[in-house]
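Spelled out from the first residue to the last, the chains are:
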Amino acid sequence: MSAFIQRGIIVTVFMITPFARPANAHPAAIRRGAPPPDRSRPNVLMICIDDLNDWTGFLGGHPDVKTPHMDKLAAAGCSFTNAHCAVPVCSASRISVMSGVAPTTHGSYELGPRYEQLPALNDVPTLQAWFRQHGYRTLSGGKVLHHDFNGRLAADIDQPLGRRRSPRPRQPMNRPADWSGAWDWGRYPATDGDMADFQLAKTAATALQTEFDQPFFLSVGFFRPHVPLFVPPRWFDLYDVNTLTLPATRLSDLDDLPPNFLSINDYALAPTHAEVQRHKKVRSLTHAYLASISFVDHCVGVVLDALNSGPHADDTLVVLWSDHGFHLGEKQHWAKRTLWAESTRVPLLIAGPDIASAQCDQPVSLLDVYPTLIELCRLDAADHAEGVSLAPQLASPQQRRSQPVITSSYFGNHSIYSEHWHLIAYRDGALELYDHRTDTDEYHNLAGEPQYAATINKLKTWLPRDAAPEFKRKSERAHLPY
Ligand SMILES: [Ca+2]
Ligand SMILES: [Ca+2]
(Lines give C-alpha, C1' and ligand atoms only; values in the text may rest on other atoms or scores of the structure.)
(Ligands and ions follow the chains in the order given, each with its own letter.)
Protein backbone atom coordinates (compact mmCIF):
# COMPACT_ATOMS: atom_id res chain seq x y z
CA MET A 1 0.00 0.00 0.00
CA SER A 2 2.70 2.46 0.97
CA ALA A 3 4.55 1.87 -2.28
CA PHE A 4 1.36 2.46 -4.18
CA ILE A 5 0.66 5.63 -2.25
CA GLN A 6 4.21 6.84 -2.76
CA ARG A 7 3.94 6.19 -6.44
CA GLY A 8 0.64 8.00 -6.50
CA ILE A 9 2.25 11.09 -5.02
CA ILE A 10 5.03 11.01 -7.56
CA VAL A 11 2.60 10.58 -10.42
CA THR A 12 0.52 13.44 -9.12
CA VAL A 13 3.53 15.71 -8.99
CA PHE A 14 4.63 14.93 -12.49
CA MET A 15 1.18 15.05 -13.99
CA ILE A 16 0.33 18.40 -12.48
CA THR A 17 3.59 20.25 -12.98
CA PRO A 18 3.52 20.61 -16.78
CA PHE A 19 -0.10 21.69 -16.91
CA ALA A 20 0.35 24.11 -14.03
CA ARG A 21 2.95 25.98 -16.05
CA PRO A 22 1.52 29.17 -17.57
CA ALA A 23 1.23 28.99 -21.34
CA ASN A 24 3.55 31.96 -21.73
CA ALA A 25 6.25 30.60 -19.41
CA HIS A 26 8.59 29.59 -22.24
CA PRO A 27 11.46 32.02 -22.69
CA ALA A 28 10.62 34.36 -25.51
CA ALA A 29 13.91 33.57 -27.21
CA ILE A 30 12.85 30.01 -27.81
CA ARG A 31 9.95 30.97 -30.01
CA ARG A 32 11.08 34.28 -31.46
CA GLY A 33 12.37 33.78 -34.97
CA ALA A 34 11.80 30.04 -34.92
CA PRO A 35 11.36 28.63 -38.41
CA PRO A 36 8.04 27.06 -39.33
CA PRO A 37 7.81 23.31 -38.78
CA ASP A 38 9.63 21.41 -41.51
CA ARG A 39 8.01 18.02 -42.00
CA SER A 40 10.83 16.96 -44.29
CA ARG A 41 13.12 16.74 -41.29
CA PRO A 42 13.32 13.33 -39.63
CA ASN A 43 11.86 12.70 -36.21
CA VAL A 44 14.17 11.56 -33.43
CA LEU A 45 13.54 8.76 -30.95
CA MET A 46 16.20 8.75 -28.23
CA ILE A 47 16.31 5.74 -25.87
CA CYS A 48 18.49 6.12 -22.77
CA ILE A 49 19.42 3.07 -20.70
CA ASP A 50 20.74 3.29 -17.15
CA ASP A 51 23.96 1.51 -16.13
CA LEU A 52 24.05 -0.89 -19.09
CA ASN A 53 27.58 -2.04 -19.90
CA ASP A 54 28.61 -4.05 -22.96
CA TRP A 55 26.50 -7.06 -21.94
CA THR A 56 24.38 -6.99 -25.08
CA GLY A 57 24.26 -9.46 -27.91
CA PHE A 58 25.59 -6.93 -30.40
CA LEU A 59 28.60 -5.95 -28.26
CA GLY A 60 29.32 -9.49 -27.11
CA GLY A 61 30.21 -8.53 -23.55
CA HIS A 62 28.53 -11.57 -22.02
CA PRO A 63 28.03 -14.92 -23.78
CA ASP A 64 24.67 -15.69 -22.16
CA VAL A 65 22.88 -12.36 -22.39
CA LYS A 66 19.63 -12.19 -24.36
CA THR A 67 18.88 -8.81 -25.96
CA PRO A 68 16.99 -9.61 -29.17
CA HIS A 69 15.36 -6.20 -29.58
CA MET A 70 18.50 -4.12 -29.17
CA ASP A 71 20.35 -6.62 -31.38
CA LYS A 72 17.76 -6.09 -34.10
CA LEU A 73 18.21 -2.32 -33.88
CA ALA A 74 21.98 -2.76 -33.99
CA ALA A 75 21.69 -4.91 -37.11
CA ALA A 76 19.49 -2.33 -38.80
CA GLY A 77 21.73 0.64 -38.07
CA CYS A 78 25.23 1.56 -36.98
CA SER A 79 26.68 0.10 -33.79
CA PHE A 80 29.57 2.07 -32.30
CA THR A 81 31.64 -0.60 -30.59
CA ASN A 82 34.15 1.77 -29.01
CA ALA A 83 31.83 4.38 -27.50
CA HIS A 84 32.52 5.96 -24.12
CA CYS A 85 30.68 8.20 -21.70
CA ALA A 86 32.03 11.62 -20.72
CA VAL A 87 31.70 10.82 -17.00
CA PRO A 88 31.08 7.30 -15.61
CA VAL A 89 28.22 8.24 -13.30
CA CYS A 90 24.55 9.03 -13.98
CA SER A 91 23.98 12.75 -13.52
CA ALA A 92 27.21 14.11 -14.98
CA SER A 93 27.09 11.72 -17.94
CA ARG A 94 23.54 12.70 -18.83
CA ILE A 95 24.24 16.41 -18.36
CA SER A 96 27.10 16.00 -20.83
CA VAL A 97 24.92 14.25 -23.41
CA MET A 98 22.05 16.70 -23.11
CA SER A 99 24.25 19.81 -23.14
CA GLY A 100 26.89 18.61 -25.58
CA VAL A 101 29.38 20.12 -23.12
CA ALA A 102 32.32 18.23 -21.58
CA PRO A 103 32.72 17.94 -17.80
CA THR A 104 35.98 19.87 -18.08
CA THR A 105 33.81 22.82 -19.11
CA HIS A 106 30.63 22.35 -17.06
CA GLY A 107 32.44 21.23 -13.89
CA SER A 108 30.41 18.17 -12.83
CA TYR A 109 32.72 15.16 -12.52
CA GLU A 110 30.68 13.01 -10.21
CA LEU A 111 27.15 12.41 -8.98
CA GLY A 112 25.52 15.57 -7.77
CA PRO A 113 24.52 18.85 -9.31
CA ARG A 114 21.57 19.33 -11.58
CA TYR A 115 21.98 20.66 -15.10
CA GLU A 116 20.31 23.95 -14.20
CA GLN A 117 22.56 24.42 -11.15
CA LEU A 118 25.77 24.51 -13.17
CA PRO A 119 26.69 28.14 -13.91
CA ALA A 120 28.62 27.10 -17.02
CA LEU A 121 25.37 25.81 -18.56
CA ASN A 122 23.28 28.89 -17.84
CA ASP A 123 23.07 29.75 -21.52
CA VAL A 124 23.44 26.24 -22.94
CA PRO A 125 20.21 24.76 -24.35
CA THR A 126 19.52 21.10 -23.79
CA LEU A 127 19.39 18.95 -26.88
CA GLN A 128 15.62 18.91 -26.50
CA ALA A 129 15.53 22.72 -26.32
CA TRP A 130 17.71 22.97 -29.43
CA PHE A 131 15.28 20.80 -31.37
CA ARG A 132 12.32 22.68 -29.96
CA GLN A 133 13.82 25.98 -31.09
CA HIS A 134 13.99 24.48 -34.58
CA GLY A 135 10.33 23.61 -34.80
CA TYR A 136 10.27 20.17 -33.22
CA ARG A 137 7.70 18.93 -30.74
CA THR A 138 9.53 17.52 -27.72
CA LEU A 139 8.32 14.61 -25.62
CA SER A 140 10.27 13.06 -22.78
CA GLY A 141 9.68 10.54 -20.01
CA GLY A 142 11.57 8.49 -17.44
CA LYS A 143 15.24 8.98 -16.59
CA VAL A 144 16.66 11.07 -19.40
CA LEU A 145 18.35 13.71 -17.29
CA HIS A 146 19.21 12.29 -13.87
CA HIS A 147 17.13 15.00 -12.20
CA ASP A 148 14.56 15.35 -15.00
CA PHE A 149 13.67 18.56 -16.83
CA ASN A 150 12.93 20.69 -13.81
CA GLY A 151 13.14 24.41 -13.09
CA ARG A 152 13.97 26.39 -16.20
CA LEU A 153 14.39 23.13 -18.15
CA ALA A 154 10.68 22.27 -17.78
CA ALA A 155 9.97 24.52 -20.74
CA ASP A 156 12.17 22.31 -22.95
CA ILE A 157 9.55 19.56 -23.04
CA ASP A 158 6.22 20.10 -24.77
CA GLN A 159 4.73 16.80 -23.67
CA PRO A 160 6.06 15.12 -20.52
CA LEU A 161 5.53 11.35 -20.55
CA GLY A 162 5.87 10.91 -16.80
CA ARG A 163 8.53 9.63 -14.47
CA ARG A 164 7.33 6.94 -12.11
CA ARG A 165 9.13 4.62 -9.76
CA SER A 166 8.70 0.88 -9.74
CA PRO A 167 7.37 -0.70 -6.54
CA ARG A 168 9.77 -2.34 -4.12
CA PRO A 169 9.09 -5.24 -1.78
CA ARG A 170 8.38 -4.33 1.84
CA GLN A 171 11.36 -6.29 3.10
CA PRO A 172 14.84 -6.82 1.61
CA MET A 173 14.91 -9.87 -0.67
CA ASN A 174 18.60 -10.63 -1.12
CA ARG A 175 20.43 -7.66 0.36
CA PRO A 176 22.85 -8.36 3.20
CA ALA A 177 21.92 -6.24 6.20
CA ASP A 178 25.09 -4.16 6.08
CA TRP A 179 24.66 -3.06 2.43
CA SER A 180 23.13 0.12 1.06
CA GLY A 181 19.39 -0.07 0.50
CA ALA A 182 19.77 0.43 -3.25
CA TRP A 183 21.70 -2.83 -3.51
CA ASP A 184 18.88 -5.33 -3.47
CA TRP A 185 17.52 -7.61 -6.16
CA GLY A 186 15.04 -10.35 -6.88
CA ARG A 187 11.93 -11.65 -8.66
CA TYR A 188 9.65 -8.69 -8.03
CA PRO A 189 7.03 -7.47 -8.89
CA ALA A 190 4.89 -10.18 -10.47
CA THR A 191 4.29 -8.72 -13.91
CA ASP A 192 5.81 -6.28 -16.38
CA GLY A 193 2.72 -4.11 -16.05
CA ASP A 194 3.76 -3.26 -12.50
CA MET A 195 7.11 -1.87 -13.67
CA ALA A 196 7.58 1.85 -14.29
CA ASP A 197 9.85 1.16 -17.27
CA PHE A 198 7.23 -0.98 -18.95
CA GLN A 199 4.52 1.61 -18.28
CA LEU A 200 6.75 4.26 -19.83
CA ALA A 201 7.39 2.04 -22.84
CA LYS A 202 3.64 1.72 -23.38
CA THR A 203 3.14 5.48 -23.01
CA ALA A 204 5.92 6.15 -25.51
CA ALA A 205 4.43 3.51 -27.83
CA THR A 206 1.11 5.33 -27.81
CA ALA A 207 2.83 8.62 -28.61
CA LEU A 208 4.73 7.00 -31.48
CA GLN A 209 1.45 5.88 -33.04
CA THR A 210 0.17 9.47 -33.02
CA GLU A 211 0.28 11.91 -35.92
CA PHE A 212 1.83 15.29 -35.15
CA ASP A 213 1.86 18.46 -37.20
CA GLN A 214 5.55 18.96 -36.43
CA PRO A 215 8.54 16.66 -36.47
CA PHE A 216 9.13 15.28 -32.98
CA PHE A 217 12.03 14.59 -30.65
CA LEU A 218 10.93 11.89 -28.21
CA SER A 219 13.29 10.79 -25.44
CA VAL A 220 12.63 7.91 -23.07
CA GLY A 221 14.92 6.82 -20.24
CA PHE A 222 14.64 3.39 -18.64
CA PHE A 223 15.85 2.78 -15.06
CA ARG A 224 16.96 -0.84 -15.35
CA PRO A 225 19.55 -2.34 -15.16
CA HIS A 226 20.36 0.24 -12.47
CA VAL A 227 20.09 -1.16 -8.93
CA PRO A 228 17.87 -2.23 -7.24
CA LEU A 229 17.67 -5.15 -9.65
CA PHE A 230 14.03 -6.06 -9.16
CA VAL A 231 12.31 -7.38 -12.29
CA PRO A 232 9.47 -9.88 -12.76
CA PRO A 233 10.28 -13.60 -12.43
CA ARG A 234 10.08 -14.41 -16.11
CA TRP A 235 13.25 -12.40 -16.77
CA PHE A 236 15.19 -14.35 -14.15
CA ASP A 237 13.84 -17.54 -15.70
CA LEU A 238 15.69 -16.75 -18.93
CA TYR A 239 18.94 -17.68 -17.21
CA ASP A 240 20.05 -20.65 -15.15
CA VAL A 241 21.68 -19.21 -12.07
CA ASN A 242 23.72 -22.37 -11.56
CA THR A 243 25.33 -22.44 -14.98
CA LEU A 244 25.47 -18.83 -16.17
CA THR A 245 28.88 -17.43 -17.03
CA LEU A 246 30.49 -15.31 -14.34
CA PRO A 247 32.56 -12.24 -15.24
CA ALA A 248 36.25 -12.91 -15.61
CA THR A 249 38.32 -11.62 -12.74
CA ARG A 250 41.97 -12.16 -11.95
CA LEU A 251 43.22 -11.79 -8.43
CA SER A 252 46.58 -10.51 -9.67
CA ASP A 253 45.00 -7.87 -11.87
CA LEU A 254 45.47 -5.06 -9.39
CA ASP A 255 49.16 -5.78 -8.80
CA ASP A 256 50.33 -3.52 -11.62
CA LEU A 257 48.08 -0.57 -10.76
CA PRO A 258 48.74 2.70 -8.97
CA PRO A 259 46.31 3.65 -6.21
CA ASN A 260 43.40 5.50 -7.80
CA PHE A 261 40.88 8.02 -6.62
CA LEU A 262 38.58 5.31 -5.30
CA SER A 263 41.19 3.46 -3.27
CA ILE A 264 42.93 6.64 -2.08
CA ASN A 265 39.74 7.95 -0.55
CA ASP A 266 38.36 4.58 0.48
CA TYR A 267 35.33 5.82 -1.35
CA ALA A 268 32.64 3.49 -2.58
CA LEU A 269 28.87 3.67 -2.81
CA ALA A 270 28.69 0.05 -3.93
CA PRO A 271 29.74 -3.05 -2.03
CA THR A 272 33.36 -4.01 -2.48
CA HIS A 273 34.22 -7.18 -4.36
CA ALA A 274 35.41 -8.70 -1.10
CA GLU A 275 32.01 -8.02 0.47
CA VAL A 276 30.17 -9.53 -2.49
CA GLN A 277 32.38 -12.60 -2.29
CA ARG A 278 32.10 -12.89 1.48
CA HIS A 279 28.32 -12.96 1.22
CA LYS A 280 28.54 -15.33 -1.79
CA LYS A 281 26.46 -12.99 -3.94
CA VAL A 282 28.51 -12.85 -7.17
CA ARG A 283 26.37 -15.42 -8.97
CA SER A 284 23.06 -14.09 -7.68
CA LEU A 285 23.89 -10.49 -8.58
CA THR A 286 25.12 -11.49 -12.02
CA HIS A 287 21.84 -13.32 -12.55
CA ALA A 288 19.83 -10.26 -11.51
CA TYR A 289 21.85 -7.94 -13.77
CA LEU A 290 21.29 -10.25 -16.76
CA ALA A 291 17.57 -10.51 -15.95
CA SER A 292 17.31 -6.73 -15.68
CA ILE A 293 19.03 -6.28 -19.05
CA SER A 294 16.59 -8.64 -20.76
CA PHE A 295 13.69 -6.85 -19.13
CA VAL A 296 14.83 -3.45 -20.36
CA ASP A 297 15.50 -4.95 -23.78
CA HIS A 298 11.84 -5.98 -23.81
CA CYS A 299 10.85 -2.38 -23.01
CA VAL A 300 13.03 -1.18 -25.88
CA GLY A 301 11.20 -3.69 -28.07
CA VAL A 302 7.80 -2.31 -27.09
CA VAL A 303 8.92 1.16 -28.15
CA LEU A 304 10.56 0.03 -31.40
CA ASP A 305 7.63 -2.18 -32.38
CA ALA A 306 5.31 0.80 -31.96
CA LEU A 307 7.57 2.96 -34.08
CA ASN A 308 7.91 0.37 -36.81
CA SER A 309 4.18 -0.34 -37.02
CA GLY A 310 3.13 3.32 -36.85
CA PRO A 311 3.06 6.36 -39.11
CA HIS A 312 6.65 7.41 -38.34
CA ALA A 313 8.47 4.19 -39.25
CA ASP A 314 10.15 5.60 -42.34
CA ASP A 315 11.17 9.05 -41.16
CA THR A 316 12.51 8.60 -37.63
CA LEU A 317 16.11 8.45 -36.46
CA VAL A 318 16.65 6.16 -33.49
CA VAL A 319 19.56 6.66 -31.11
CA LEU A 320 20.09 4.33 -28.16
CA TRP A 321 22.78 4.75 -25.51
CA SER A 322 23.60 3.90 -21.92
CA ASP A 323 24.93 6.57 -19.57
CA HIS A 324 28.02 4.52 -18.56
CA GLY A 325 29.20 0.97 -18.06
CA PHE A 326 29.20 -1.28 -15.00
CA HIS A 327 31.65 -3.56 -13.21
CA LEU A 328 30.51 -6.90 -11.83
CA GLY A 329 33.73 -7.81 -10.05
CA GLU A 330 36.18 -6.98 -12.81
CA LYS A 331 39.21 -5.25 -11.27
CA GLN A 332 37.72 -6.29 -7.90
CA HIS A 333 35.14 -3.55 -8.37
CA TRP A 334 31.35 -3.28 -8.52
CA ALA A 335 29.31 -0.62 -10.27
CA LYS A 336 30.82 2.48 -11.88
CA ARG A 337 32.93 5.60 -11.27
CA THR A 338 36.23 4.10 -12.48
CA LEU A 339 38.14 5.09 -15.62
CA TRP A 340 38.55 1.52 -16.83
CA ALA A 341 36.70 0.53 -19.98
CA GLU A 342 34.32 -1.63 -17.99
CA SER A 343 32.96 1.59 -16.53
CA THR A 344 33.33 4.01 -19.47
CA ARG A 345 32.33 1.88 -22.46
CA VAL A 346 28.70 2.03 -23.48
CA PRO A 347 26.35 0.75 -26.16
CA LEU A 348 25.64 3.43 -28.79
CA LEU A 349 23.35 2.71 -31.72
CA ILE A 350 22.10 5.05 -34.43
CA ALA A 351 19.56 3.83 -36.97
CA GLY A 352 17.04 5.31 -39.35
CA PRO A 353 16.53 6.61 -42.86
CA ASP A 354 19.69 6.58 -44.98
CA ILE A 355 21.77 4.94 -42.24
CA ALA A 356 23.31 1.71 -43.41
CA SER A 357 23.78 -1.38 -41.33
CA ALA A 358 27.36 -1.14 -40.08
CA GLN A 359 29.76 -1.46 -37.20
CA CYS A 360 32.08 1.42 -36.36
CA ASP A 361 35.11 0.66 -34.21
CA GLN A 362 36.40 4.21 -33.98
CA PRO A 363 36.59 5.72 -30.50
CA VAL A 364 33.55 7.95 -30.10
CA SER A 365 32.01 9.84 -27.20
CA LEU A 366 28.48 10.29 -25.96
CA LEU A 367 29.31 13.99 -26.37
CA ASP A 368 29.04 13.29 -30.09
CA VAL A 369 25.31 12.57 -29.88
CA TYR A 370 24.41 16.27 -29.73
CA PRO A 371 26.24 17.45 -32.89
CA THR A 372 25.40 14.23 -34.72
CA LEU A 373 21.65 14.53 -34.28
CA ILE A 374 21.52 18.20 -35.21
CA GLU A 375 23.56 17.53 -38.35
CA LEU A 376 21.43 14.55 -39.37
CA CYS A 377 18.28 16.66 -38.90
CA ARG A 378 19.84 19.64 -40.68
CA LEU A 379 19.47 22.03 -37.74
CA ASP A 380 21.80 24.96 -37.16
CA ALA A 381 25.17 23.88 -35.78
CA ALA A 382 25.59 24.44 -32.03
CA ASP A 383 28.83 26.25 -31.27
CA HIS A 384 28.79 25.14 -27.64
CA ALA A 385 28.83 21.43 -28.51
CA GLU A 386 32.26 19.94 -27.80
CA GLY A 387 31.80 16.54 -29.40
CA VAL A 388 32.16 15.90 -33.10
CA SER A 389 29.42 14.82 -35.47
CA LEU A 390 29.47 11.13 -36.32
CA ALA A 391 27.84 11.74 -39.70
CA PRO A 392 31.17 10.88 -41.44
CA GLN A 393 31.31 7.53 -39.59
CA LEU A 394 27.67 6.80 -40.41
CA ALA A 395 28.52 7.28 -44.07
CA SER A 396 31.83 5.44 -43.87
CA PRO A 397 32.43 3.46 -40.66
CA GLN A 398 36.21 3.36 -41.07
CA GLN A 399 36.42 7.15 -41.15
CA ARG A 400 38.66 8.34 -38.31
CA ARG A 401 37.23 10.55 -35.62
CA SER A 402 39.29 13.69 -35.67
CA GLN A 403 40.37 13.48 -32.03
CA PRO A 404 40.68 10.95 -29.19
CA VAL A 405 37.86 10.49 -26.71
CA ILE A 406 38.18 11.84 -23.18
CA THR A 407 36.35 10.53 -20.12
CA SER A 408 36.72 12.25 -16.75
CA SER A 409 35.90 10.97 -13.27
CA TYR A 410 36.32 13.12 -10.19
CA PHE A 411 38.29 16.29 -10.73
CA GLY A 412 41.66 15.88 -12.39
CA ASN A 413 41.42 12.22 -13.50
CA HIS A 414 41.02 11.41 -17.18
CA SER A 415 40.94 8.59 -19.72
CA ILE A 416 42.16 9.13 -23.26
CA TYR A 417 40.93 6.61 -25.83
CA SER A 418 42.54 6.51 -29.25
CA GLU A 419 41.81 3.83 -31.81
CA HIS A 420 43.92 1.20 -30.03
CA TRP A 421 45.23 2.78 -26.85
CA HIS A 422 43.71 3.66 -23.53
CA LEU A 423 45.68 5.99 -21.26
CA ILE A 424 44.46 6.79 -17.75
CA ALA A 425 46.09 9.81 -16.12
CA TYR A 426 45.31 10.34 -12.45
CA ARG A 427 45.36 13.61 -10.63
CA ASP A 428 48.55 12.67 -8.77
CA GLY A 429 50.42 11.94 -12.02
CA ALA A 430 50.06 8.14 -11.92
CA LEU A 431 49.37 6.45 -15.26
CA GLU A 432 47.90 3.31 -16.74
CA LEU A 433 48.21 2.29 -20.39
CA TYR A 434 46.39 -0.52 -22.17
CA ASP A 435 46.68 -1.82 -25.73
CA HIS A 436 43.19 -2.78 -26.82
CA ARG A 437 44.50 -4.72 -29.82
CA THR A 438 45.79 -7.41 -27.49
CA ASP A 439 44.18 -6.66 -24.12
CA THR A 440 40.54 -5.60 -24.27
CA ASP A 441 40.10 -6.71 -20.65
CA GLU A 442 42.82 -4.27 -19.59
CA TYR A 443 44.80 -6.78 -17.57
CA HIS A 444 48.27 -5.51 -18.48
CA ASN A 445 49.22 -2.00 -17.45
CA LEU A 446 52.02 -1.00 -19.83
CA ALA A 447 52.62 2.47 -18.41
CA GLY A 448 55.85 1.52 -16.66
CA GLU A 449 57.52 -0.04 -19.70
CA PRO A 450 60.03 2.26 -21.41
CA GLN A 451 59.11 1.30 -24.97
CA TYR A 452 55.71 2.94 -24.53
CA ALA A 453 57.02 6.33 -23.42
CA ALA A 454 56.49 7.92 -26.84
CA THR A 455 52.94 6.57 -27.07
CA ILE A 456 52.17 7.91 -23.62
CA ASN A 457 53.63 11.32 -24.36
CA LYS A 458 51.59 11.57 -27.54
CA LEU A 459 48.38 10.64 -25.76
CA LYS A 460 49.13 13.03 -22.91
CA THR A 461 49.06 15.96 -25.30
CA TRP A 462 45.26 15.45 -25.34
CA LEU A 463 44.88 15.77 -21.58
CA PRO A 464 42.56 18.66 -20.72
CA ARG A 465 44.26 21.89 -19.71
CA ASP A 466 42.47 24.54 -17.72
CA ALA A 467 39.74 22.07 -16.73
CA ALA A 468 36.81 23.75 -15.02
CA PRO A 469 37.00 23.42 -11.24
CA GLU A 470 34.60 20.96 -9.72
CA PHE A 471 31.20 22.41 -8.95
CA LYS A 472 30.98 21.36 -5.33
CA ARG A 473 27.73 22.58 -3.91
CA LYS A 474 25.74 19.44 -4.65
CA SER A 475 28.53 16.98 -5.39
CA GLU A 476 28.76 13.72 -3.53
CA ARG A 477 32.20 14.49 -2.13
CA ALA A 478 31.64 18.19 -1.52
CA HIS A 479 33.00 17.79 2.00
CA LEU A 480 36.47 16.88 0.74
CA PRO A 481 39.15 19.56 0.75
CA TYR A 482 39.50 19.85 -3.03
CA1 LIG B 1 23.58 5.40 -14.71
CA1 LIG C 1 46.50 -5.65 -14.22
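Summary of the structure given here. Predicted model, so just to flag it, every value in this text is computed and none were measured. (Residues numbered from 1 in each chain as written. Chains lettered and ligands numbered in written order. Predicted model: local features only at pLDDT ≥ 70, side-chain atom pairs only at ≥ 80, totals over all residues. Heavy atoms only, no water.)

A few words now on the overall build of the chain. Along its length, the chain carries 15 helices and 19 strands. Among the 482 residues that make up the chain, the fraction classed as buried is 59%. Sequence separation of 24 or more characterises 73% of the internal contacts of the chain that already satisfy a separation of 6 or more. Accessible surface computed for the chain: about 19300 Å², of which carbon and sulfur atoms make up 52%. (Helix = DSSP H or I, 4+ residues; strand = E, 2+ residues; numbered from the N terminus. Buried < 20%, exposed > 50% of the residue type's maximum accessible area, 1.4 Å probe, protein only. Contact = heavy atoms within 4.5 Å. Areas by Shrake-Rupley, 256 points an atom, 1.4 Å probe, with all protein chains shown as cover.)

With respect to topology, eight strands assemble into an open sheet ordered 5-4-7-1-9-13-2-14, the strand pairing being mixed. The open sheet has two edge strands, strand 5 (159-160) and strand 14 (358-360), and neither has a second partner. Bridge count for strand 4 (residues 137-142) against strand 5 is two bridges, and the pairing is parallel. When the bridges of strand 5 are listed, Ser140 appears paired with Pro160. Sheet strands in contact with helix 13 (residues 369-376) are strand 1 (43-49), strand 7 (216-222), strand 9 (316-322) and strand 13 (348-351), and its direction is about 0° off that of strand 13. (Pairing = 2+ DSSP bridges. Axes fitted to C-alpha atoms, helices over the stretch in contact; angles between N-to-C directions.)

On to the environment of Tyr452. Inspection of the secondary structure puts Tyr452 in the loop between strand 19 (431-435) and helix 15 (453-460). In sequence terms Tyr452 and Leu433 are 19 residues apart; their C-alpha atoms lie 8.6 Å from each other. Once residues within four sequence positions are removed from consideration, Tyr452 is found in contact with Trp421, Leu433 and Leu446.

Once that is clear, we can look at empty space enclosed by the protein. Counting across every chain of the model gives two cavities of 30 Å³ or more. Here the second largest cavity is characterised by a volume of approximately 40 Å³. Taken together, Ile95, Arg114, Tyr115, Glu116, Leu145, His146, His147 and Asp148 make up the lining of the second largest cavity. Its residues placed into classes, the lining of the second largest cavity shows three nonpolar, two polar and three charged. (1 Å grid on protein atoms, 1.4 Å probe; cavity = no way out; pocket = protein on both sides within 12 Å on 5 of 7 lines; lining within 4 Å. Points joined across faces, edges and corners; volume = space filled by probe spheres on them. Nonpolar A, V, L, I, M, F, W, Y, C, P; charged D, E, K, R; others polar.)

Before going further, it helps to spend a moment on the sheet that holds strand 16 (residues 405-408). Think of a sheet as strands paired side by side through backbone hydrogen bonds, with each pair either parallel or antiparallel. Read across the open sheet, the four strands follow the order 16-17-18-19; overall the sheet is antiparallel. This sheet does not close on itself; its edge strands, each paired only once, are strand 16 and strand 19. Averaged over all adjacent pairs, the angle separating strand axes in this sheet is 15°, with direction ignored. Sheet analysis places strand 16 next to strand 17 (residues 414-417), joined by four bridges and oriented antiparallel. Residue pairing for strand 17: Ser408 is matched across the bridge by His414. Its contacts with the sheet put helix 15 on strand 17, strand 18 (421-425) and strand 19, and the angle it makes with strand 18 is roughly 70°.

Glancing now at the layout of surface pockets. Taken as a whole, the second largest pocket holds about 700 Å³ of empty space. Per-class residue counts for the lining of the second largest pocket are eight nonpolar, 12 polar and 11 charged.

Before going further, it helps to spend a moment on the coordination of the calcium ion (ligand 1). Surrounding the calcium ion (ligand 1) are the protein donor atoms Asp50 (OD), Asp51 (OD), Cys90 (SG), Asp323 (OD), Asp323 (OD) and His324 (NE2), which sit 2.1 to 2.7 Å from the metal. The site at the calcium ion (ligand 1) holds six donor atoms, and with the angles between them running 52 to 162°, its shape is irregular. In terms of primary sequence, the donors binding the calcium ion (ligand 1) are separated according to D-D-x38-C-x232-D-H. One end of the pair, Asp50, is in the loop between strand 1 and helix 3 (68-76); the other, Asp323, is in the loop between strand 9 and strand 10 (327-328), with 273 residues separating them in the sequence. The class for Asp50 is buried, based on a relative accessible area of 0%. (Donors = N, O, S within 2.8 Å, 3.2 Å for Na, K, Ca; no water. Tetrahedral: all angles 85-135°; square planar, octahedral: opposite > 155°, others 65-115°.)

Geometry reference: four tetrahedral donors at a metal, ideal angle 109.5 degrees. Six octahedral donors, ideal angles 90 or 180 degrees. For the calcium ion (ligand 2), the full set of protein donor atoms is Asp253 (O), Asp253 (OD), Asp256 (OD), Asp256 (OD) and Tyr443 (O), at a range of 2.2 to 3.0 Å. Considered as a linear motif, the donors of the calcium ion (ligand 2) on their single chain read D-x2-D-x186-Y. Judged by relative accessible area, which is 30%, Asp256 ranks as partly exposed.

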